[in-house]
Each structure stands twice: as C-alpha cells, then as structure tokens.
Amino acid sequence: MLRNAHILVGICGGIASYKAVELVSQLQQAGALVDVIMTEHAEDFVKPLTFSTMSHRPVYSDLWEATGEAAERHIALAEAAELLAIVPATANTIAKLAHGIADNMLSAVALATQAPLLLAPAMYRDMYTHPATQANLNLLRERGAYIVEPEVGRLASGAIGPGRLPDTEVLLGAMRMVLGQGGDLAGRRVIVTAGGTQEPIDPVRYIGNRSSGKMGYALATEARDRGAHVILISGPVALSAPYGVELRRVETVIQMRDAIHSFITDADVLIMSAAPADFRPARVAAQKIKKDSGEAREREGSGEWSLKLVQNPDILRELAILREDGQPGRHLICVGFAAETHDLMQHAREKLRAKQLDLLVANDVTRSDSGFGTDTNKVLIFHADGAMEDMPVMPKADVAAAIIDRVVSLLGKRVN
Ligand code: CTP
C-alpha cells in the first residue's frame with residue numbers, strides 16, 4: 001500500500017510539527033517516497049535537515065529562491081504526487097488553501113496538484129473552533145479534501161479542547177485509507193466482526209473467551225485500504241479501531257446478531273472472524289451473586305455452584321437459512337472462521353457446509369504461532385467448491401490480505 005507511493009507531506013508552522021518527524025520516518029520505513037515541503041514558519045520549529053534525514057530525500061520550502069528552480073519544481077512535485085498530506089495544517093494554511101492563495105511552495109503545490117488532499121489541523125482550540133476556520137474546512141471538505149479531526153485534550157498553551165494532532169498511527173491509517181480509494185473493494189460494503197463476546201452472569205461477571213480481535217481488526221484495516229466502506233462490529237477488545245471504519249461495539253451474541261442484521265441489506269461481504277459464545281447464562285442476576293447466598297449454592301454445604309446456560313443463536317447458520325429463503329443478504333459473500341484444537345480438517349469442512357460459506361478460514365489454536373492473541377497465524381482456507389489452501393505462517397496483516405484477495409475474486413464472479 002505505502003511501498004513506492006509518492007507522498008507529499010506539507011509541514012506548517014505549529015508546535016505539532018515535531019510530531020510529523022515520526023510520521024515521515026514511518027512512511028519512509030514503509031517504503032514510500034516522501035517529499036517534504038515546509039512553510040517558512042515550520043522551519044522555526046524543526047530544521048529541514050531533521051526531515052531530510054528521515055525521508056532520505058531533499059526538503060523543499062522557498063518558492064522564490066534565486067535560481068528559480070524551486071518554482072519549476074513545484075509543478076513536478078505536484079504532478080508526481082499520489083497524495084498531499086498537510087500535517088500539521090495551521091489555520092493560516094487552511095485559509096490559504098480554501099481561497100486558492102499560492103504564496104509559498106506548499107500552497108502553490110496544493111493548488112497545482114490533482115492528488116487527493118488530506119489535512120490534519122492542529123492549533124490553539126479557539127483558532128480551530130473559530131467560524132472562519134470551520135467555514136474554510138467545510139469549503140475544503142466540499143471540494144473533496146479529507147480532514148483528520150484533531151483530538152481533544154491538553155494543548156501546548158495549557159488549554160483543554162480540540163486542537164491536538166492525532167497519533168502517528170491514526171495519521172498513517174488516514175493516509176492509507178485515502179491512497180486506497182479506488183482500490184479493488186471500492187464501492188463495496190464489508191462487515192467484519194471481531195473479538196469475543198461477554199455474556200453477563202451478574203453485573204460484575206461474564207462468560208468470555210480468549211479472542212483478542214487482532215485478526216478481525218487486520219481484516220477491517222485491509223478492506224479499508226482497498227477502498228471498502230467497512231463496518232467493524234467488535235466485541236470488547238484492547239485494540240483501537242482502524243481509522244475510517246464504522247465501528248459498532250457490542251458485548252453479547254444477541255447484540256452482535258442485531259448489529260449484523262441492521263447492516264446486512266446493503267452489504268456485499270460478511271467476514272465473521274469474531275468468536276461468539278455458544279452459550280449464555282439462562283438468567284442474568286440483577287445484583288452481584290454472593291458466594292454465601294442461597295442463589296449460589298447447589299446444595300447447602302456442598303461448595304458447588306451450577307450455572308444454567310442456554311444456547312446462543314448461531315449467527316452464520318441463521319443467515320444461511322435466511323439467504324436460502326431469498327431474504328436480504330442473499331448475495332453476500334460469507335467468510336467464516338474456525339478455531340479448532342483437534343480434527344481441524346473434518347470440523348472445517350462440516351462448518352463450511354452447515355453455514356453455507358464461500359470461504360472458511362481454519363486455524364489450529366494449540367499452535368504457538370497461531371490463534372488467540374498471537375501476531376501471526378497459520379491457516380487453511382477452505383473454498384465452497386471443495387478446494388483447500390494450506391497457507392504458511394504469516395503476520396495477521398498478510399493473512400488478512402490473502403483472505404481479501406480471495407473475497408475480491410469471489411465478488412468478481414458473483415452473479416447479481
Ligand atoms: N459463529 C456464529 N455464531 C455463533 C458461533 C459462531 O456465527 N453463535 C461463527 C463464528 O464467527 C465463525 C464460525 O461461526 O465464523 C465458526 O465458529 P466456531 O466457534 O469455530 O464454531 P461453532 O459453530 O460455534 O462450533 P463449535 O463451537 O462446536 O466448534
């Protein structure tokens with residue numbers, strides 16, 4: 001995605017400009033060709049040498065230098081760019097861009113380029129919320145610019161409010177999303193479920209499982225990077241949602257099923273990488289169950305406690321029945337997962353058939369390089385036509401890319 005992408009990073013004169021050093025470094029490490037353009041005031045905060053050391057390329061700033069070369073170069077830079085990201089974007093530069101002013105290298109390139117424009121505003125709270133800045137941002141939005149909203153927090157001045165530059169990871173996510181517009185999932189709506197569920201026993205206890213959500217979040221990221229509108233339906237996990245995906249948080253299987261049903265009509269793909277609990281407590285106690293209460297005791301003095309469970313709906317199996325009836329979702333490409341500890345092949349093939357899946361991704365969770373909480377996965381991909389692919393151990397991001405490749409190919413073959 002970022003490898004060999006030609007990215008222009010504009011740096012404005014704000015205190016957050018030092019954070020753009022990390023961004024440029026990460027882009028360079030990911031293989032992007034990064035040309036940095038600094039405004040005059042940006043150089044008061046960070047030296048051009050800092051950026052050129054990180055980007056391994058020259059840094060541009062003065063449009064009017066004596067040789068006149070820079071004036072020509074701004075056209076070349078504008079034409080080569082696949083993305084112009086201005087990080088941080090100050091109120092002054094935002095105003096210039098909104099009104100077509102081109103009085104320095106950065107604003108001239110912004111006017112000359114056809115590349116998508118991404119702005120990460122960062123400034124003092126009251127400058128950001130000022131109607132002039134908001135009107136300028138709206139003008140740019142209407143013209144197709146992408147705005148990464150600043151975070152709310154403590155600003156350099158000590159004031160609290162919106163104006164903080166988001167973390168590098170968020171900025172990278174936004175850049176990847178913009179670069180991915182027009183990818184092979186452009187115009188597609190993809191639902192991804194991730195993480196385990198929590199089925200309450202009482203207000204403080206629940207039944208859960210070991211799913212970390214990493215595989216599902218990697219799939220959501222990959223689908224976003226390839227141009228899809230991603231709806232991520234996530235159980236409670238310790239991960240931040242990828243930038244730009246529509247996040248729905250759920251706790252229980254019933255909530256997960258309802259969330260899926262609310263999005264299914266317009267969706268093209270459903271990837272069920274979540275680990276929904278098969279059973280839930282038959283009754284949720286309104287108050288914390290005390291160990292000495294009669295409620296907790298099986299038999300007085302026995303030290304035993306039984307919890308009555310009832311079966312949860314099998315979301316994929318229910319959907320298979322609805323699809324057979326010609327209900328909404330009948331054109332969905334459905335991908336299921338199977339986490340197994342034994343007889344993997346047999347269980348995987350049974351699940352593929354019973355849930356009428358297009359693909360089933362199976363992994364042996366007893367392996368140390370695969371399954372819950374790991375960063376790598378070793379999977380087998382089963383296809384509806386009986387084919388099976390034995391994939392090597394790969395980072396979860398690469399497993400996600402391999403799965404999405406196969407989804408794209410199935411979408412291409414789908415008869416609408
Ligand atoms: N799944 C589902 N609804 C459930 C349980 C699982 O839709 N209540 C989905 C999972 O998200 C996964 C696939 O079904 O994509 C297989 O899940 P898994 O837990 O491996 O299988 P189960 O059908 O629950 O069978 P078992 O627990 O007996 O292995």
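What you see is a predicted model, and the numbers here were worked out from it, not measured in a lab.

> Lay out the site of the ligand with the relevant residues and their values.
Around the ligand, the surrounding shell holds 14 residues, and the nearest of these are Met272, Asp278, Phe337, Lys351 and Lys355. Residue Met272 places a main-chain N or O atom 2.8 Å away from an oxygen atom belonging to the ligand. Interatomic distance of 3.0 Å between a backbone N/O atom of Ile315 and a nitrogen atom of the ligand. The protein chains hide 77% of the 570 Å² of surface that the ligand would expose on its own. Those elements that place two or more of their residues in the shell around the ligand are α12 (315-324) and β17 (333-340). In terms of residue count, the dominant contributor to the shell around the ligand is β17 (four residues). Taken together, the residues of the shell around the ligand sort by class into nine nonpolar, one polar and four charged.

> So what's going on with the sheet that holds strand β5 (residues 117-121)? Which residues, and what values?
The strands making up a sheet associate through hydrogen bonds between their backbones, and the pairing can be parallel or antiparallel. An order of β3-β2-β1-β4-β5-β6 is seen for the six strands of this open sheet, with the pairing classed as parallel. The strands lining the two open edges of the sheet, one partner per strand, are β3 (59-60) and β6 (146-147). Bridge count between strand β2 (residues 33-38) and β3: two bridges; the pairing is parallel. Following the sheet pairing, Val36 is matched in β3 by Val59. Sheet contacts for helix α8 (residues 131-142): β5 and β6; angle to β5, the most-contacted strand, approximately 160°.

> Give a description of the pattern of salt bridges that names residues and reports values.
Under the counting rule described, the total for this entry stands at 21 salt bridges. One salt bridge in this structure joins Arg188 and Asp268, with 3.5 Å as the shortest N-O distance. Taken together, the residues span a long stretch of sequence, with Arg188 in the loop between α9 (168-180) and β9 (189-194) and Asp268 in the loop between α11 (253-263) and β14 (269-272) at a distance of 80 residues. By relative accessible area, which is 24% here, Arg188 ends up partly exposed. Exposure remark for Asp268: the relative accessible area of 11% places this residue in the buried category. Arg414 serves as the salt-bridge partner of Asp268, at 3.1 Å between the closest nitrogen and oxygen. Here Arg414 lies in the segment after α14 (396-413) and Asp268 lies in the loop between α11 and β14, a separation of 146 residues in the sequence.

> With reference to specific residues and values, describe the sheet that holds strand β13 (residues 246-249).
Read across the sheet, eight strands follow the order β13-β12-β9-β14-β17-β18-β20-β21 without closing on themselves; strand pairing throughout is mixed. Where the open sheet ends on each side, the last strands, each with one partner, are β13 and β21 (388-390). In this sheet, adjacent strand axes meet at a mean angle of 15° when their direction is disregarded. Two elements, strand β20 (residues 379-383) and β21, share three bridges in a ladder whose sense is antiparallel.

> Provide a residue-level description of the domain arrangement of the protein, including the pertinent values.
Under the domain assignment, the protein is made up of domain 1 (6-179) and domain 2 (189-413). The centre of domain 1, based on its C-alpha atoms, is set 39 Å off from the matching centre of domain 2. Listed by partner, the interface residues are seven residues for domain 1 and five residues for domain 2. Buried area between domain 1 and domain 2, summed over both chains or domains, comes out near 540 Å², and the portion from carbon and sulfur atoms is 59%. If you sort the residues of domain 1 by the area they bury against domain 2, Gly173, Arg176 and Met177 come out on top, with a joint share of 70%. For the interface between domain 1 and domain 2, the tally reads one salt bridge. Arg176 is the salt-bridge partner of Asp225, the closest N and O atoms lying 2.4 Å from each other.

> An account of the side chain of Ser273 is requested, with residue identities and associated values reported.
Mapped onto the elements of the fold, Ser273 is located in the loop between β14 and β15 (279-281). A distance of 2.5 Å separates a polar side-chain atom of Ser273 from the backbone oxygen of Thr193. If sequence neighbours within four positions are ignored, Ser273 has contacts with Val192, Thr193, Ala194, Gly216, Leu219 and Phe337.

> Could you give an account of the packing of α11 against α12, with specific residues and numbers?
Across the interface, α11 lies against α12 with an axial gap of 11 Å and an inter-helix angle of 35°. For the pair α11 and α12, the crossing hand works out as right-handed. Counting all contacts with α11, which are made through Val253, Met256, Arg257, Ile260 and His261, the residues of α12 involved are Ile315, Glu318, Leu319 and Leu322. Counted by class, the contact of α11 with α12 contains six nonpolar, one polar and two charged residues.

> I'd love a proper account of helix α10 (residues 214-225), names of residues and values included.
In this model α10 runs 16 Å from its N-terminal to its C-terminal C-alpha over twelve residues, within 8% of the 16 Å that 1.5 Å per residue would give. With eleven of twelve residues buried, α10 lies mostly within the body of the structure. Burial in α10 covers these residues: Met215, Gly216, Tyr217, Ala218, Leu219, Ala220, Thr221, Glu222, Ala223, Arg224 and Asp225. Among the residues trailing α10, Gly227 stands out with phi positive, at a value near 95°.

> I'd like a rundown of the packing of α9 against α10, residues and numbers included.
In contact at an axis separation of 7 Å, α9 and α10 are set at 45° when each is read in the N-to-C sense. Considering the angle they form, α9 stands oblique to α10. Contacts from Gly173, Arg176, Met177 and Gly180 of α9 reach α10 at Thr221, Arg224 and Asp225. When its residues are assigned to classes, the contact of α9 with α10 shows one nonpolar, three polar and three charged.

Definitions and limits used
Residues numbered from 1 in each chain as written. Predicted model: local features only at pLDDT ≥ 70, side-chain atom pairs only at ≥ 80, totals over all residues. Heavy atoms only, no water. Near = heavy atom within 4 Å. Polar contact = N/O pair within 3.5 Å; in protein donor to acceptor, adjacent residues only side chain to side chain. Areas by Shrake-Rupley, 256 points an atom, 1.4 Å probe, with all protein chains shown as cover. Helix = DSSP H or I, 4+ residues; strand = E, 2+ residues; numbered from the N terminus. Nonpolar A, V, L, I, M, F, W, Y, C, P; charged D, E, K, R; others polar. Pairing = 2+ DSSP bridges. Contact = heavy atoms within 4.5 Å. Axes fitted to C-alpha atoms, helices over the stretch in contact; angles between N-to-C directions. Salt bridge = Lys/Arg side-chain N within 4 Å of Asp/Glu carboxyl O. Buried < 20%, exposed > 50% of the residue type's maximum accessible area, 1.4 Å probe, protein only. Domains from an automatic or database assignment. Buried area = accessible area lost by both parts, 1.4 Å probe. Left-handed = near helix turned anticlockwise from the far one by under 90°. Expected span 1.5 Å × (residues − 1). Parallel < 35°, antiparallel > 145°, perpendicular 65-115°, else oblique.

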